Amino acid sequence: MAEPNPYDYLLKKVIISGKEYNYYDIASLGEKYKRLPYSIRILLESAVRNCDNFQVTQKDVESILNWEHNQRDENGIEVAFKPARVILQDFTGVPAVVDFAAMRDAVKRLGGDPQKINPICPADLVIDHSVQVDFVRSADALQKNQDLEFERNKERFMFLKWGAKAFDNMLIVPPGSGIVHQVNLEYLARVVFSDKNSMLYPDTVVGTDSHTTMINGLGVLGWGVGGIEAEAVMLGQAISMLLPQVVGYYLHGSLGPYVTSTDLVLTITKNLRQLGVVGKFVEFYGPGVAALSIADRATIANMCPEYGATVGFFPVDTYSLDYLIQTNRSNQQIEMIKTYLSATGQLRDYESGEEPVFSESVSLDLATVVSSVSGPKRPNDRVSVTDMKVDFANCLRNKVSFKGFGISDNHLNASSKFMYNGAQYVLKHGSVIIAAITSCTNTSNPSVMLGAGLLAKKAVAAGLTVAPYIKTSLSPGSGVVTYYLQESGVIPALEQLGFDVVGYGCMTCIGNSGSIDENIANAIEKNDLVCCGVLSGNRNFEGRIHPSTRANYLASPLLVIAYAIAGTVDIDFEKEPLGQRTDGSPIYLREIWPTRNEIHAIEKQYVIPAMFQEVYAKIETGSSNWQALNAPSGNLYTWEDSSTYIKHPPFFEGMSKELPLHQPLENCRVLLFLGDSVTTDHISPAGSIGRSSPAARYLAQRGITPKDFNSYGSRRGNDAIMARGTFANIRLVNKFLNRAAPKTLYLPTGEEMDVFDCAERYAATNTPLILVCGKDYGSGSSRDWAAKGPYLLPC
């Protein structure tokens, strides 16, 4: 049974704007508290406030308070943590709501009250992963893509709209509003919570997307979890976690005039991945932090999963409060945040020189950061732009690996001619076929978005163009981005280069890049070309962006435009021009690249609170398509057997009130023999459904044509499709085979089969199955289906 909170002696009162609030004065815990990293102070406050000696115990509080000693315990010390809220996106949110609906059915079947199944912890779900880049380079591309999104996903959206009405404590942000992490940063984040009892406490969050970490840039402690963990938190359960070590990352100096925040985050990502910070918190400090905007900090925090830490945390400072003013938070909210954080020793001064204790410290001089990209297959493989031409040439020759494609010497100069819109073009190794300004990582940052716009203006003025066959797109993270791009006058130039606004969501970065012209795909396949995608995203794992782009590079929005104009990544921008003027003189990238001062002047003028007020005042209303959706009613969902999107999951079938017995594993066969770094993208891909895959056959049997297959991510509410999509990534390397393919061997006969079909063959003889995996198996996003998928394979 829960007991009264033994730490109520720390409960204090404060008057803010004439209203009385309560808070736990954790700063009065003494010298140990003052030595704690700011991220650990937040864990401590949560433990103190929620201490009931049932879910959260006095031992948890003492373990966190004594972090300086305990964090080095070689066996690890487990503590409980109760986040303030949960955030979901629709790829991972739909299966969570499906599970909640199925839980209600199970509770009713077992004689309970199904209405008791509700999120106890507030949950926000932003629909942002469904829109695809089907139409580009036209004024109506945005509307066409959004209309097609509704046509494809009507069942899913109706289900979510039902969930918003059926469940308490659940907010649904309609499609077309923006990317979940940017909406979180600009609108949903509270920084400090005030609950119904006028209790103040830090805003903390877990989310069903690994890039939930982005919110740490605003001083909100948060990270990504699997869908199963998120559902437990929504039901009021505490997270069990090991007390983390905290790496202090000291920033000093200032960025050069031509360097972007993207270059900085790619540098930090490689640095921390090499250091090894898996399972640790990283907390940034030093005078260099004060020189970074909140958007810059959020960019760094966003890519935390790519450098492997649990969080990359920036404590709240006065710049954070300025950002809240800029994004139209109320004066009362800002006063409350400042008062509470000051009273509890959680408001940071990065230039004071008074630092907490860290497990270890590393440093970076911002002046050493250079223009960079990352790739061709991993986000932590940073390459300076000056080295790009040589590095790509080496990647072509290197044996097949994260930095190699195994192209033979006699094939290095291969090329393919193809026709596009009546004209002939040539593709070679390194040719860019997708160039996308996309992803929460960069579209939330006005400096790089406006920088891209200024670069586009200068490029157009110089007469530069982008080849028409390159699939170019711009998917802003919120309506605010379009607003300030329009007001600053850069939209026409972006459109002239082909970067029309195509949607508001996580598009190319999640694999929703849409199709490419068949002639291009055939030309690439015919000569086995290593063609490229360049995107301002955070993930470039194999097979994620598009099946035809074997090499994918992460880059700032400015460099996305530069490589699109060049048409290839096989270029040295210092020595080779982007094009020629009408008089034949060369145009170099350095001539049209805007400085940080130019960009900041435009940002200061055009990114203003009124924009945020206007955009977010109507965000929960949604478009006319959303308003017209007629969602079901009732507390129990009416499952449709004919639906290929929403299916009653099998997890609660046969469930009883008694715990089942564990069964031993005997006489198992190996289904897959996998190496290192098999990511969740390999295990449960989110992108397009291959036309010859088991999932495609399942859909075809139900009368669905290929144009309506949609993506695996959009069909995560149907376990039958997801089981068939498990290990369906075309870049999966199974050591039973000598090539990349979503295939395996049926060992009794040596027959090569699709993974699901092979598992089904084993199931016919009641043969249990195991996987043999290397290190870093399951790293990445969407860990719930990376777990559920293998579990549901027949065996």
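Residues numbered from 1 in each chain as written. Predicted model: local features only at pLDDT ≥ 70, side-chain atom pairs only at ≥ 80, totals over all residues. Heavy atoms only, no water.

Here the focus is the overall build of the protein. When its secondary structure is counted, the protein shows 30 helices and 29 strands. Expected size for 795 residues packed as a compact globule is a radius of gyration near 28 Å; at 26 Å, the protein falls within 12% of this value. With respect to the principal axes defined by its C-alpha atoms, the protein has extents near 75 × 70 × 55 Å. Long-range pairs, those at least 24 residues apart, make up 76% of the contacts in the protein between residues at least 6 apart in sequence. Carbon together with sulfur atoms contributes 49% to the accessible area of the protein, which is approximately 30500 Å² in total. The averaged location of the 83 negative side-chain charges in the protein is 3 Å from the averaged location of its 72 positive side-chain charges. (Helix = DSSP H or I, 4+ residues; strand = E, 2+ residues; numbered from the N terminus. Rg over C-alpha atoms; globule rule 2.2 N^0.38 Å. Contact = heavy atoms within 4.5 Å. Areas by Shrake-Rupley, 256 points an atom, 1.4 Å probe, with all protein chains shown as cover. Lys, Arg positive; Asp, Glu negative; His and termini not counted. Charge placed at Lys NZ, Arg CZ, Asp CG, Glu CD.)

With that out of the way, let us pick up a nonpolar patch on the surface. A surface patch of nonpolar side chains, amounting to about 330 Å² of accessible area, comprises Leu665, Phe673, Ile770 and Val772. When you line up the elements, Phe673 lands in strand β26 (residues 669-673). The class of Phe673 is partly exposed, set by a relative accessible area of 34%. (Patch = residues over 30% accessible without salt bridge, like charges linked within 9 Å, V, L, I, M, F, W, Y side chains within 5 Å. Salt bridge = Lys/Arg side-chain N within 4 Å of Asp/Glu carboxyl O. Buried < 20%, exposed > 50% of the residue type's maximum accessible area, 1.4 Å probe, protein only.)

Moving on to the environment of Asn442. Turning to its location among the elements, Asn442 is positioned in helix α16 (residues 440-443). Taking the C-alpha atoms as reference, Asn442 lies 24 Å from Ser548; in sequence the two are 106 residues apart. Only 2.5 Å separates the side chain of Asn442 from the side chain of Thr262, close enough to count as a polar contact. (Polar contact = N/O pair within 3.5 Å; in protein donor to acceptor, adjacent residues only side chain to side chain.)

Moving on, we come to the pattern of salt bridges. Summed over all chains, the structure comprises 32 salt bridges. Residues Asp317 and Arg297 are paired through a salt bridge, measuring 3.0 Å at the closest nitrogen-oxygen approach. Pair noted here: Asp317 is in the loop between β14 (311-313) and α13 (318-326) and Arg297 is in helix α11 (residues 294-302), with a separation of 20 residues, a long-range link. Arg297 carries the same exposure label as Asp317, and that label is buried. With a closest N to O distance of 3.4 Å, Arg697 and Asp754 form a salt bridge. Highlighted residues: Arg697 in helix α27 (residues 694-701) and Asp754 in strand β28 (residues 751-754), separated in sequence by 57 residues.

Let us look at the side chain of Ser261. The residue Ser261 is located in helix α9 (residues 261-275) in this model. By relative accessible area, which is 1% here, Ser261 ends up buried. Here Asn445 takes part through its side chain, which lies 3.0 Å from a polar atom of the side chain of Ser261. In this structure Ser261 touches Asp296, Thr299, Asn445, Ser447, Val448 and Arg596, once residues within four positions along its chain are discounted.

Moving on: the packing of helix α17 (residues 446-461) against helix α18 (residues 479-487). Packing of α17 against α18 brings their axes to within 10 Å, and their N-to-C directions diverge by 40°. With respect to α18, the element α17 is oriented oblique. As α17 packs across α18, the resulting crossing turns out to be right-handed. Listed contacts from α18 to Pro446, Met449 and Leu450 of α17 are Val481, Tyr484 and Leu485. Partitioning the contact of α17 with α18 into residue classes produces six nonpolar, no polar and no charged. (Axes fitted to C-alpha atoms, helices over the stretch in contact; angles between N-to-C directions. Parallel < 35°, antiparallel > 145°, perpendicular 65-115°, else oblique. Left-handed = near helix turned anticlockwise from the far one by under 90°. Nonpolar A, V, L, I, M, F, W, Y, C, P; charged D, E, K, R; others polar.)

Reading across the sheet, the four strands line up as β14-β13-β12-β15 and stay open at both edges, with parallel pairing between neighbours. The open sheet has two free edges, formed respectively by β14 and β15 (360-365), since each of these has just one partner strand. Across this sheet, the average inter-strand angle for adjacent strands is 25°, counted without regard to direction. Bridge count for strand β12 (residues 246-252) against strand β13 (residues 281-285) is five bridges, and the pairing is parallel. Looking at β13, one finds that Val247 is bridged to Val282. (Pairing = 2+ DSSP bridges.)

A few words on the packing of aromatic side chains. A complete count under the given rule lists 24 aromatic pairs for this structure. Where Phe284 meets Phe314, the ring centres are 4.5 Å apart and the plane angle is 5°; that geometry is what we call stacked. Linking Phe284 in strand β13 with Phe314 in the loop between β14 and α13, this pair joins segments that are 30 residues apart in sequence. For the pair Phe284 and Phe314, a shared accessibility class is recorded, and that class is buried. Aromatic ring contacts, followed pair by pair, group Phe100, Phe159, Trp162, Phe167, Tyr637 and Trp639 into a single cluster. When the ring centre of Phe402 is taken as reference, the NZ or CZ atom of Arg378 above it lies at 4.0 Å. Over the face of the ring belonging to Tyr588 we find Arg590, whose NZ or CZ atom lies 4.4 Å from the ring centre. (Phe/Tyr/Trp six-rings, centres within 6.5 Å; stacked < 30°, edge-to-face > 60°. Lys NZ or Arg CZ within 6 Å of the ring centre and 35° of its normal.)

With that out of the way, let us pick up the nonpolar core. Counting 113 residues, the largest nonpolar core has Leu427, Phe499, Leu559, Ile561 and Tyr563 as the members making the most contacts within it. Contact partners of Phe499, with chain neighbours within four places excluded, come to Ala435, Ile437, Thr472, Ser473, Leu474, Leu494, Val560, Ile561 and Ala564. Core analysis: the second largest hydrophobic core is formed by 75 residues, Met103, Phe150, Phe159 and Met241 among them. (Core = buried A, V, L, I, M, F, W, Y, C linked by side-chain atoms within 4.5 Å.)

Moving on, we get to the environment of Arg49. With respect to the element layout, Arg49 can be found in helix α2 (residues 38-50). Classification of Arg49 as buried rests on a relative accessible area of 16%. Taking the C-alpha atoms as reference points, Arg49 and Leu11, 38 residues apart in sequence, are found 9.0 Å from one another. The residues touching Arg49, leaving out its near neighbours within four places in the chain, are Asn5, Tyr24, Met199 and Tyr201. Within the structure, the side chain of Arg49 is placed 2.8 Å from the side chain of Glu45, a separation counted as a polar contact.

When you tally the buried positions in α11, you get nine out of nine residues, the bulk of the element. What α11 keeps buried is the set Ile294, Ala295, Asp296, Arg297, Ala298, Thr299, Ile300, Ala301 and Asn302.

With parallel pairing, five strands are arranged side by side in an open sheet as β6-β5-β4-β9-β10. Of all the strands in the sheet, just β6 (170-173) and β10 (221-224) have a single pairing partner and so form its edges. Adjacent strand axes in the sheet meet at a mean angle of 20°, parallel and antiparallel pairs treated alike.

Put simply, the second largest pocket is a space of about 1200 Å³. Along the walls of the second largest pocket sit 50 residues, with Val278, Gly279, Gly308, Ala309 and Ser779 positioned nearest its centre. Mapped by element, the contributors of at least two residues to the lining of the second largest pocket are β10, β11 (239-242) and α12 (304-307). Ranked by residue count, the leading element in the lining of the second largest pocket is β11, at four residues. (1 Å grid on protein atoms, 1.4 Å probe; cavity = no way out; pocket = protein on both sides within 12 Å on 5 of 7 lines; lining within 4 Å. Points joined across faces, edges and corners; volume = space filled by probe spheres on them.)

Right, let's talk about the pairing of strand β20 (residues 432-437) for a bit. With six of six residues buried, β20 is to be regarded as a mostly interior element. Note that β20 and strand β22 (residues 532-535) share four bridges and pair parallel. Among the inter-strand pairings, Val432 is bridged to a residue of β22, identified as Cys532. Note that β20 and strand β21 (residues 471-474) share four bridges and pair parallel. By the bridge assignment, Ile437 is partnered in β21 with Leu474.

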